[in-house]
Amino acid sequence: MKRDQRREGGRRPFGRAAAVMVMVAAAGLAGPGEATADPAAATPAATAAPATAATASPAKPAVKGILCGQLIDGRSDRPLKNAAILIEGEKIVKVGGPDILPRGIEVIELGSATVMPGLIDLHCHPLESTDSYQIDHLRWSSAYKALRGLKAVQDDLMAGWTTLRVPGDGDVFYAPMDLRRAINEGLFVGPRMSGAAHYISVTGGGGDINFMSPEQHLIADGLVVDGPEEMRKAVREEIKYGSDWIKLLVTGAFMSTGDSPGDVHFSPEELKAAVDEASRRRVPVMAHAHAAEGIKMAIRAGVRSIEHGTFMDAEAISLMKERGVFLVPTMYVGEYYVERGSESPEMQKMVDLSRKHQAEFTRRVGDAIRAGVKIAVGSDFGAYAPELGAHEFASLVKAGMTPMQAIQAGTRVGAEALRWDDRLGTVEPGKLADLVAVAGDPLKDISEMTRVTFVMIGGKVVKRP
Ligand SMILES: [Zn+2]
């Protein structure tokens, strides 16, 4: 496994002090089980939250109400008009008409705005912020990437993304997991986070650096493994340093140099080793897969979600449906690159492939929607303009969802994929008060999702109209 190189002094790109700091940080990290089991712990501390109402005494949680023109709760097929939400501390306690709000409490009046559950982006790379992410990986330190990533996830929160899942990120160390830790400790306001520190790739795959001479011994952005034994070690190491998902690059990718999304990379034995090892620790696996054969191999191996799924065929769709596997199609990112083009040579591949396959991909996602596959929202953006990711809602509508289904995909279905649906994803009594609002009606104009005006996380307001 090439990761072992990271421990060899000669090849480690950072000084001893940086490595020690990372080790000390990892030593205090909550286990992945704990992190998964308690998203409530992710609530930003009162002291760190800007624009928050008066701090309550610890004995009695603050009670507040929200009034809005309509409420989309993430579960019902119809919105509730002239709705009220009663919040106590970090939780929702009642949902109904304005008469549910007791007299004398603080009431946030949002006028005709539409309130929805906090948005969930299941595929966000906060450390990758330019079209040349593999070059950035080589020239930026882990610490610098973490600082940029912190800014990115805070911007995402302000755009309405109250929960993010990281599907691996471009970093030698474990910066996404440390971002999550710092937010969970209340050092910074930020979204709830889950995910994998690295994408696991074969030699020459989408997580390897494939554009340098063989004389260069670089540490790739992905975690490069070959064979079931290296796979087991990689999975164990990911979990050790806080990944609460495992991310596998089962096929080639659109956005990397020197590989093809039509090729399957891992063998069935390698996939089985990954899922076995992760399952033993109750850690779910997400599989980046474009080629139909790779999608089917990943589902048969037991993964929980398929990322992208570009070339899925009828059999792949029925397997997803049958086994309850989530599909995170990340459609808009392709449309974005087709519209905008790219200066970077490696992203030119993304532009060309998206131009060629976008229409058939939209059609296949339509087939998956009609087949009843559980589809969730993922942006595949990182530190780009944070509202960009919300164009995914419109892409899902274009593929065949109703606006209501698309909103549920980015709220309730995302929470189910994370196994956090007992706390997140809907506006119902007992759930955490993660709420967003838009000024207009997203059921009439889905592009409203890109213009979130109000954000509350765990009962604390972080953005007001
Ligand atoms: Zn991705």
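Notes on the structure follow. (Residues numbered from 1 in each chain as written. Predicted model: local features only at pLDDT ≥ 70, side-chain atom pairs only at ≥ 80, totals over all residues.)

**Focus: the overall build of the protein chain**
- Looking only at helices and strands, the protein chain features 14 helices and 17 strands.
- The buried share of the protein chain, taken over its 465 residues, is 54%.
- When contacts within the protein chain are restricted to residue pairs at least 6 apart in sequence, those whose partners lie at least 24 apart make up 70%. (Helix = DSSP H or I, 4+ residues; strand = E, 2+ residues; numbered from the N terminus. Buried ≥ 20, exposed ≤ 12 C-beta atoms within 10 Å, placed from the backbone. Contact = placed C-beta atoms within 7 Å.)

**Overview of the sheet that holds strand 7 (residues 161-167)**
- Spatial ordering of the open sheet is given by 6-7-8, a layout of three strands whose pairing is parallel. The open sheet is flanked by strand 6 (119-121) and strand 8 (192-196), the only strands paired with a single partner. With direction set aside, neighbouring strand axes in the sheet form an average angle of 10°.
- Inspection of the sheet shows strand 6 paired to strand 7 by three bridges, in the parallel sense. When the bridges of strand 7 are listed, leucine 119 appears paired with tryptophan 161.
- Its contacts with the sheet place helix 4 (residues 142-158) against strand 6 and strand 7, and it is angled at close to 140° to strand 7. (Pairing = 2+ DSSP bridges. Axes fitted to C-alpha atoms, helices over the stretch in contact; angles between N-to-C directions.)

**Digging into helix 6 (residues 228-240)**
- Relative to the 18 Å expected for 13 residues at 1.5 Å per residue, helix 6 spans 18 Å between its end C-alpha atoms, a close match to the ideal helical length.
- Among all positions of helix 6, only Glu230, Met231, Ala234, Val235, Glu238 and Ile239 are buried.
- Phi for glycine 242, located one or two positions after helix 6, is positive at around 105°. (Expected span 1.5 Å × (residues − 1).)

**Comments concerning unusual backbone geometry**
- The phi dihedral of asparagine 82 is positive, around 45°, even though this residue is not glycine.
- Inspection of the secondary structure assignment puts asparagine 82 in strand 2 (residues 80-88).
- Under the C-beta neighbour-count criterion, asparagine 82 is labelled exposed, with 12 such atoms within 10 Å.
- Of note in this structure, aspartate 380 is not a glycine but carries a positive phi near 60°.
- Note that aspartate 380 resides in the loop between helix 11 (345-371) and helix 12 (391-399).

**As for the nonpolar core**
- Counting residues in hydrophobic clusters, the biggest one holds 140 residues, and the most contacted among them are Val115, Ile246, Val250, Ala274, Ala298 and Val303.
- With eight residues, the top contributor of residues to this core is helix 11.
- Residues lining this core come from more than one domain, with at least three contributed by each of domain 1 (63-118 + 443-463) and domain 2 (119-424).
- In this view, valine 250 contacts Val264, His265, Phe266, Leu271, Ala287, His288, Ala289, Gly294, Met297 and Ala298; residues no more than four positions away in its chain are not counted. (Core = buried A, V, L, I, M, F, W, Y, C linked by C-beta atoms within 7 Å. Domains from an automatic or database assignment.)

**Examining the pairing of strand 11 (residues 246-249)**
- Neither face of strand 11 is left uncovered, since the one carrying Ile246 and Leu248 and the one carrying Lys247 and Leu249 both have all their residues buried.
- Relative to strand 12 (residues 285-289), strand 11 runs parallel, the two sharing four bridges. Looking at the pairing, isoleucine 246 lines up with valine 285 of strand 12.
- With helix 7 (residues 268-280) bridging strand 11 and its parallel neighbour strand 12, the resulting β-α-β unit is right-handed. (Right-handed = clockwise from strand over helix to strand, strands pointing away.)

**Structural notes on the sheet that holds strand 14 (residues 326-328)**
- Read across the open sheet, the six strands follow the order 10-9-11-12-13-14; overall the sheet is parallel. Edge positions in the sheet fall to strand 10 (223-224) and strand 14, since each of these pairs with one other strand and no more.
- Of the pairings in the sheet, the one linking strand 9 (residues 199-201) to strand 11 comprises two bridges and is parallel in character. Counted as the bridge partner of isoleucine 200 is leucine 248 from strand 11.

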